[in-house]
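# Working through the structure, step by step
The primary structure of each chain is shown beneath.
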Amino acid sequence: MAQLARDDVTVDDVRNYVEAASAVQGMSLSGEELERVAEVFARNARVAALVVGLDLPEHQDPAAMLRLD
Amino acid sequence: MQRALEIAEQVRSGTRTARDIVEAALTRIGDTDAAYNCFTTVTFDRARREAESVDAARRAGRPLGPLAGVPFAVKNLFDVEGLPTVAGTRTRSLSAPAEADAALVSRLTAAGAVLVGTLNMDAYAYGFTTENTAYGVTRNPHDRNRIAGGSSGGSAAALAAGMVPLSLGSDTNGSIRVPASLCGVFGIKPTFGRLTRTGSYPFVANLDHLGPFATTTADLATAYDAMQGPDPADPACSRRAPEPTTSQLSRGLGELRVARLVGYFDQWASDPARAASIKAAEGLGAVAEIELPEVERARAAAFIITATEGGTLRLPELRSRYADIEPHSRDRLAAGAITPGAWYVQAQKLRAWYLQKVLEIFSRYDVLIAPATPVPATEIGQDWLQLNSQRIPLRPNLGLFTQPISCIGLPVVAAPIEGVSPLPIGVQIIAAPWREDLCLRAAAHLERQGIARARIVEEPSA
């Protein structure tokens, strides 16, 4: 399966993931609700493409932002 | 409604009593709030009790605080003793009443201010419009058919409608700066960690900030100063001692080096937003136009962090009460709760990297100017926006210009700019971490020049 963080990802691409991940998180959603969540998730995945598309140093600390002092 | 410092001076001098001022505020709220729907609770008894306490202190010759007798109200995600903290949601309306006030409410009260009520917001603070299904939409005092902005919409609109001179809101991605811009008032989003969040309902722990709204920079700085100081109960709150700003306001520009943010910020700005940014920059003698590096990716990182943390925090309701969750939010919360961990970690790394890049810019410039919102207030119920030759969803994109700034915790004053649009619109005055004094100095300079000014509506619009 292709990774989902892409700027061309579609609702069809994410539907299976959304259904499985919602179940993993214990959310019991109707078919209609799952479809709406899949639409949002696809939009999020297109945004995530910008995030994962930037090469960062391997040692970049993800917690560094917590220390502005 | 008078300015906060005028009120405090009258109370200190005995020209008016705090009780008289609070009664006038309660009357104003009673007469006008139906037109705007800013308040979700009016705390009549408490307000009268606190006002009488201020008056008693004066009669006894005890020292009065800098905000003596000033009526204020808070976004309804702040704990207020005796009230449920609803955070704009139906699901929390039956929760147990708060046992104590939020820390910032306590600090303003200790400074003499008098709480008169709680204010409407987007559910869970997840929105930019204050179109709240459970509590109704908050209307913009400058045009009741338009949004007040959000998520602290009630906090900004209550000032613009002249009901209170001071309010508190929260800002995760722009929720102080967006409504301040659309309602034409001042707001400050301090450095991440500057003001304690104890006793406020969380949304995104990594991005949540609290701050005040006011109608002048002097009022804003006074309220901000009164709330500074460490608090071990909030692990994100800095241990720095208070760094007062009110004495800085009259210093003028001095040697401040100001730059206007262009590129992304000009590209997505409507004509009024761009004009506001240019006018403010000219008023501050800006010496350069610069671009932030990878600003679109930084905004994307804020978006992913918000979705993930916001959704994860709401998992109990998503599992058990999906149908009761605000319809504008629930699908976004559910989608956020299933975000892959790798996206979230990369987003955190990205903003840490981006912070370092932006800090390099602050070695050359002291203050950066950008629009606060891409457009003035839009119509209630509007779903789409035409910007940059593209049709984009309105609700998430009102934060286009605020998210890339708050995701790295920089201090920002939102200042309303005069003479660029029939409806209000504001700019962001941005500085390096812990330099709120510079933001406020620059805002005060614009205010003295007549470039920045709050717009207060005397009578409800049609």
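In this text, all values refer to a predicted model and were calculated from it rather than measured experimentally. Residue positions are given per chain, counted from 1 along the sequence in the order it is written. As they are written, the chains are lettered A onward and the ligands numbered 1 onward, keeping that order. This being a predicted model, a pLDDT of at least 70 is required before a residue's local features are given, and a value of 80 or more before pairs of side-chain atoms are given or counted; all residues contribute to the totals for chains, interfaces and linings. By convention in this description, side-chain values take in all heavy atoms of the structure and omit both hydrogens and water.

Further remarks concern the pattern of salt bridges. Two side chains bearing opposite charge may form a pair once their charged atoms approach each other closely. Residues and elements named next belong to chain B. Salt bridge, as applied in this entry: a Lys or Arg side-chain nitrogen positioned within 4 Å of an Asp or Glu carboxyl oxygen. The final tally for this structure, using the stated rule, is 32 salt bridges over all chains. With its nearest N and O atoms 2.8 Å apart, the salt bridge here joins Asp171 to Arg177. With respect to class, Asp171 is no different from Arg177; both count as buried. Notably, a salt bridge pairs Asp234 with Arg197, separated by 3.2 Å at the nearest N-O pair. You can see Asp234 sitting in the loop between α7 (217-227) and β11 (258-261) and its partner Arg197 sitting in the loop between β9 (186-189) and β10 (209-214), a full 37 residues away along the chain. Residue classification places Asp234 among the buried positions, given a relative accessible area of 6%. Looking at Arg197, the relative accessible area reads 15%, which means it is buried. The network of salt bridges with shared partners includes Arg19, Glu23, Arg48 and Glu52. Working definition: with a 1.4 Å probe on protein chains only, accessible area under 20% of the residue-type maximum means buried, over 50% means exposed, and in between means partly exposed. Every helix listed is a DSSP run of H or I at least four residues long, and every strand listed is a run of E at least two residues long, numbered separately from the N terminus.

With that out of the way, let us pick up the pairing of strand β8 (residues 166-171) of chain B. All names here are of chain B. In terms of burial, β8 is largely enclosed, as six of its six residues are buried. Residues Leu166, Leu168 and Ser170 point to one face of β8 and Ser167, Gly169 and Asp171 to the other, with burial holding for every one of them. Across three bridges, strand β2 (residues 71-75) lies against β8 in parallel orientation. If you follow Val74 over to β8, its bridge partner there is Leu168. DSSP bridges decide pairing: two strands pair if at least two such bridges lie between them. Examined bridge by bridge, β8 and β10 share six bridges and lie antiparallel to one another. Paired with Gly169 across the strands is Gly211, a residue of β10.

What follows concerns the packing of α7(B) against helix α16 (residues 436-448) of chain B. Residue and element names in this part refer to chain B. Angles here are taken between N-to-C directions and fall from 0 to 180 degrees, while the axes themselves are lines fitted to C-alpha atoms, restricted in helices to the stretch in contact. Where α7 meets α16, the axes come as close as 9 Å, and the angle between the chain directions of the two elements is 160°. Between α7 and α16, the crossing angle belongs to the class labelled roughly antiparallel. For the pair α7 and α16, the crossing hand works out as left-handed. Along its contact with α7, which presents Thr217, Leu220, Ala221 and Tyr224, the element α16 presents Glu436, Leu440, Ala443, Ala444 and Glu447. When residues are grouped by polarity, Ala, Val, Leu, Ile, Met, Phe, Trp, Tyr, Cys and Pro land in nonpolar, Asp, Glu, Lys and Arg in charged, and all others, Gly among them, in polar. Residue composition of the contact of α7 with α16, grouped by class: six nonpolar, one polar and two charged. Any angle that is under 35 degrees is reported as roughly parallel, and any over 145 degrees as roughly antiparallel; angles of 65 to 115 degrees are reported as roughly perpendicular and all others as oblique. Should the near helix be turned anticlockwise from the far one by less than a right angle, the crossing is termed left-handed; should it be turned clockwise, right-handed. Every residue pair with non-hydrogen atoms within 4.5 Å of one another is taken to be in contact.

Here we take up the interface of chain B and chain A. Often the size quoted for an interface is simply the accessible area lost on bringing the parts together. Each side of the interface is counted separately: chain B has 44 residues, and chain A has 36 residues. Values labelled buried area give the accessible surface lost by two parts on being combined, using a 1.4 Å probe and summing over both. Each partner contributes to the roughly 3,400 Å² buried at the junction of chain B and chain A, and carbon and sulfur atoms together form 70% of this total. Joining chain B to chain A, the criterion identifies one salt bridge. Linking A:Arg36 and B:Asp331 is a salt bridge whose minimum nitrogen-to-oxygen distance equals 2.7 Å. Any pair of N or O atoms that falls within 3.5 Å is considered a polar contact. Within protein, one atom must be able to donate a hydrogen and the other to accept it, and sequence-neighbouring residues count only if both atoms are side-chain atoms. Summed over the shared surface of chain B and chain A, the number is seven residue pairs in polar contact (both at pLDDT 80 or more). Of all the secondary structure elements, the ones that give two or more residues to the side of chain B that touches chain A are α10 (295-313), α11 (315-320), α12 (330-337) and α13 (341-361) of chain B. The dominant element in the side of chain B that touches chain A, judged by the number of residues it contributes, is α13(B), at eleven residues. Tallied by class, the residues present in the side of chain B that touches chain A amount to 25 nonpolar, eight polar and eleven charged.

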